[in-house]
Structure formats: structure tokens, C-alpha cells
Amino acid sequence: PVLLALDAGRGLLHVWLPRSQQWRPLTHAQNGLLAECRLLDLRGWRAEVITGADQTSQLFIPTDEGLACVRLDVPALVFEVSYIGGGAAVGAPMRWANRIWTLIQRAGAALELVGCDDSGQALESVAISGLLPSTPLRNMQSPLADSRRAMWLCDDGRVQLKLRTDGSVEAEFLAWPEKLQ
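Note that residues are indexed from 1 along each chain, following the sequence as it is written. The predicted nature of this model means local features are confined to residues of pLDDT at least 70 and side-chain atom pairs, given and counted, to a pLDDT of 80 or more, with totals for whole chains, interfaces and linings taken over all residues. To get the side-chain values, take all heavy atoms of the structure and skip hydrogens and water.

1. A closer look at the layout of surface pockets
Moving on, step 1. Both site types are read off a 1 Å grid over the protein atoms alone. A 1.4 Å probe that fits but cannot get out defines a cavity, while an open set with protein on both sides within 12 Å along at least five of seven lines defines a pocket; lining residues have an atom within 4 Å of a point. Grid points are joined across faces, edges and corners, and a volume is the space filled by probe spheres set on the points. For the largest pocket, the calculated volume is near 370 Å³.
Moving on, step 2. What lines the largest pocket is a set of 16 residues, and nearest its centre among them are Val2, Leu4, Val49, Ser57 and Leu72.
Moving on, step 3. At the level of elements, strand S1 (4-7) and strand S6 (57-63) are the ones that each hand at least two residues to the lining of the largest pocket.
Moving on, step 4. For this classification, the nonpolar set comprises Ala, Val, Leu, Ile, Met, Phe, Trp, Tyr, Cys and Pro, the charged set comprises Asp, Glu, Lys and Arg, and every other residue, Gly included, is treated as polar. Residues of the lining of the largest pocket, tallied by class, amount to 12 nonpolar, four polar and no charged.
Moving on, step 5. Considered as a void within the structure, the second largest pocket measures approximately 230 Å³ in volume.
Moving on, step 6. Lining the second largest pocket are 16 residues, and of these Val90, Gln105, Leu111, Leu137 and Met140 sit closest to its centre.
Moving on, step 7. Each residue belonging to the lining of the second largest pocket can be placed in one class, and the counts come to 11 nonpolar, three polar and two charged. Helix numbers and strand numbers start at the N terminus; a helix is a DSSP run of H or I with at least 4 residues, a strand a run of E with at least 2.

The following block contains the structure:
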């Protein structure tokens, strides 16, 4: 196990080194930067960690440039990162139905749910029915799920990703009833 500290607003990663009892910064292997995450409220921010069969871990972080897929090399104090989605992550990632899912807002385009596999390979984008480009999604919360659906709740309603019987998925936005707003 490794203890990480992430400053999402500044795109900084640190690792705790138990022997020396100190935090050390991780640097990008190609002298790049980890993108910031300024669009998500702290109440709705979360990351997803997946450990593969080979015991390597992949960290999935919402950022202003998409879903960051971070691979760590703690002994070397470096990381590599790739991004999927082609826009800002406006919802926290969650593993559901054998995919990592997050809400992505591309410039001038409709909000989409984007899925990738555990290695960070982009697999699919799902359009969200019932959501107009002008619909605000204020105060997005961390997602939750059961075996049939995943949901991202906000003040204005919920984005719901449903699993069909054939294994495909569909997404829709459901506004809260007026009495609940």
C-alpha cells in the first residue's frame, strides 16, 4: 500500500515515504504536468483506484482536461498520465459495469458519459437523453451505483446510466420534480 496526497486544484501528487518519514513530490516522467481540477466542488470530487492482476495500480482522476489515467512508479518518484474524453470532467469517476465512467463536457458540445477500461483505454461515449446544453448541473455529488444503474446527483436532477439486459448501456438526465427543487 502507498499513501498519496493529491492537490487536485493545482495538479500536484505527493507520496509518503515511511522510512524517511516525509512527503516527496512525484514528477511527470516526460516533464509534463497533471491537469488541474477546478470545475468539481470538493463535495463531489473523488478518484478511483484500480489494481490489476499484475498488482500495478492505475489512478483515475477528474481534471479540467478529461479523465486522467495515472500510472505511478513510486520507487522512481515519477508518474505517467494520459487523458480521455477530450473535455473537462464535470463528474467524478466510478467503476461500474466493468468500466470506469465519468461525465465529460466538451467545448460547445453536449455533456456525455465516457467509459474506459481498467488500463485507461477509452471504450465508448454515451449521449445523455433529456439533457439540454443549457441545463445547469450545479453542485454535482460523488456518484453512487447498484448493479443496474449508476447515478451522478446534483441540485438540478440526476444523470443516470442504466444497464440493459443485452449488456449495453443508456444514459438519461432526470430533473427533480418541482416540489423537490
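2. Topic: the pattern of salt bridges
Moving on, step 1. The salt bridge criterion pairs a side-chain nitrogen of Lys or Arg with a carboxyl oxygen of Asp or Glu, the two atoms within 4 Å. This structure, assessed with the given rule, holds 11 salt bridges.
Moving on, step 2. Arginine 95 is the salt-bridge partner of aspartate 118, the closest N and O atoms lying 2.9 Å from each other. Note that aspartate 118 is positioned in the loop between strand S12 (111-116) and strand S13 (122-129) and arginine 95 in strand S10 (residues 94-96), a separation of 23 residues in sequence.
Moving on, step 3. Lysine 162 is the partner of glutamate 172 in a salt bridge, and the nearest nitrogen-oxygen pair spans 3.7 Å. With glutamate 172 in strand S17 (residues 169-175) and lysine 162 in strand S16 (residues 157-163), this residue pair connects regions lying 10 residues apart in the sequence.
Moving on, step 4. Glutamate 172 gets classed as partly exposed once you look at its relative accessible area, which sits at 23%.
Moving on, step 5. Where salt bridges share partners, they join Lys162, Arg164, Glu170 and Glu172 into one cluster. Exposed residues in this analysis have more than 50% of their type's maximum accessible area, buried residues have under 20%, and partly exposed residues fall in between, with area computed by a 1.4 Å probe over protein chains only.

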